[in-house]
Amino acid sequence: GTRKDPKARKFLPPSAGSPFGDFPQDWATTKTAKNVRPAEDPGLTMSKTRDYKHAHTGMGGSCSSLNKGREAPQPKAPVAGAFKKRPIPPTEFRRFYDRGDLPIAIRHLGNENKIDWKVDIEKLDYHHYLPIFFDGLREKEQPYRFLAHKGCLNLLESGGTKILPTIPQLIIPMKTALNTRDTTIIGRILKVIQRL
């Protein structure tokens, strides 16, 4: 063998500096520097900066497969909410009625209820009272709902030529009622618009 015949060892390449390979030239000790082979490829030597890869950046330890993975779920389109009910703002009709500024009262009859007007309807100021009653059309509580609806119908029936000049003042109450997106309120305001 080569141990018994030292002359045969000169034909063998020098052994590695460690079981894991040669030491770098700069790191080799005096004992191991004699046996270190000159690096022909500069890529075989380890740089002083130690350009190690960070975790989950290399391909080491990863498995490969030809099966296609599951597709990521596509996000659903956001809902516009065009038919979603919106909060109902407080009405001027409720404030005026609770304060006693409206000349109306409920007359309870056997089969139905009616509005008892304390003042003649033809003598009312339509520029003041008609927008207030239209604003109360978005009420959903009693007796405000009944009084506002019946009051609008009575005013439209007896208004005559007084209704036309008040139409610009009715646009904002009608728009506010339609923007609530409440089917009950929308149906009620559309019936009043038909009478208008």
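Anyway, here's the lowdown on the structure attached to this text. (Residues numbered from 1 in each chain as written. Predicted model: local features only at pLDDT ≥ 70, side-chain atom pairs only at ≥ 80, totals over all residues. Heavy atoms only, no water.)

Residues Phe 93, Leu 102, Ile 104, Trp 117, Phe 133, Phe 134 and Leu 155 are the most contacted members of the largest nonpolar core, which totals 29 residues. Among the secondary structure elements, those contributing two or more residues to this core are helix H2 (92–99), strand E2 (113–117), helix H3 (126–135), helix H4 (144–159), helix H5 (167–178) and helix H6 (183–195). Looking at this core element by element, the count peaks at seven residues for H4. Residues contacting Phe 134, with those up to four places away along its chain left out, are Cys 152, Leu 156, Leu 170, Pro 173, Met 174, Ile 189 and Val 192. (Core = buried A, V, L, I, M, F, W, Y, C linked by side-chain atoms within 4.5 Å. Buried < 20%, exposed > 50% of the residue type's maximum accessible area, 1.4 Å probe, protein only. Helix = DSSP H or I, 4+ residues; strand = E, 2+ residues; numbered from the N terminus. Contact = heavy atoms within 4.5 Å.)

Take the pattern of salt bridges next. For the structure shown, the criterion picks out eight salt bridges. Measuring nitrogen to oxygen at the nearest pair gives 2.6 Å for the salt bridge that ties Asp 101 to Arg 99. Relative accessible area serves as the criterion here: at 49%, Arg 99 is assigned to the partly exposed category. In the salt-bridge network here, residues are joined through shared partners; they are Arg 94, Glu 139 and Glu 141. (Salt bridge = Lys/Arg side-chain N within 4 Å of Asp/Glu carboxyl O.)

Here strand E1 (residues 104–108) pairs with E2 via five bridges, running antiparallel. If you follow Ala 105 over to E2, its bridge partner there is Asp 116. Hairpin connection, E1 to E2: the antiparallel pair is bridged by four residues. (Pairing = 2+ DSSP bridges.)

Angle between the axes and distance between the axes are the two parameters that describe a pair of packed helices. One way to put it is that H2 packs onto H4 with a least axis distance of 11 Å and a crossing angle of 105 degrees. As summarised for this structure, H2 and H4 are arranged roughly perpendicular, according to the angle between their axes. In this structure, H2 contributes Phe 93, Arg 94, Tyr 97 and Asp 98 to the contact, and H4 contributes Tyr 144, Leu 147 and Ala 148. The residue makeup of the contact of H2 with H4, split by class, is five nonpolar, no polar and two charged. (Axes fitted to C-alpha atoms, helices over the stretch in contact; angles between N-to-C directions. Parallel < 35°, antiparallel > 145°, perpendicular 65-115°, else oblique. Nonpolar A, V, L, I, M, F, W, Y, C, P; charged D, E, K, R; others polar.)

Looking now at the packing of aromatic side chains. The tally for this structure, following the rule as stated, stands at four aromatic pairs. When the ring of Phe 93 is compared with that of Tyr 97, the centres are 6.3 Å apart and the planes differ by 10 degrees; the resulting orientation is stacked. Linking Phe 93 with Tyr 97, this pair stays in helix H2, spanning four residues, or about one helical turn. Overall, the relative accessible area of 0% leaves Phe 93 in the buried class. Classification of Tyr 97 as partly exposed rests on a relative accessible area of 24%. (Phe/Tyr/Trp six-rings, centres within 6.5 Å; stacked < 30°, edge-to-face > 60°.)

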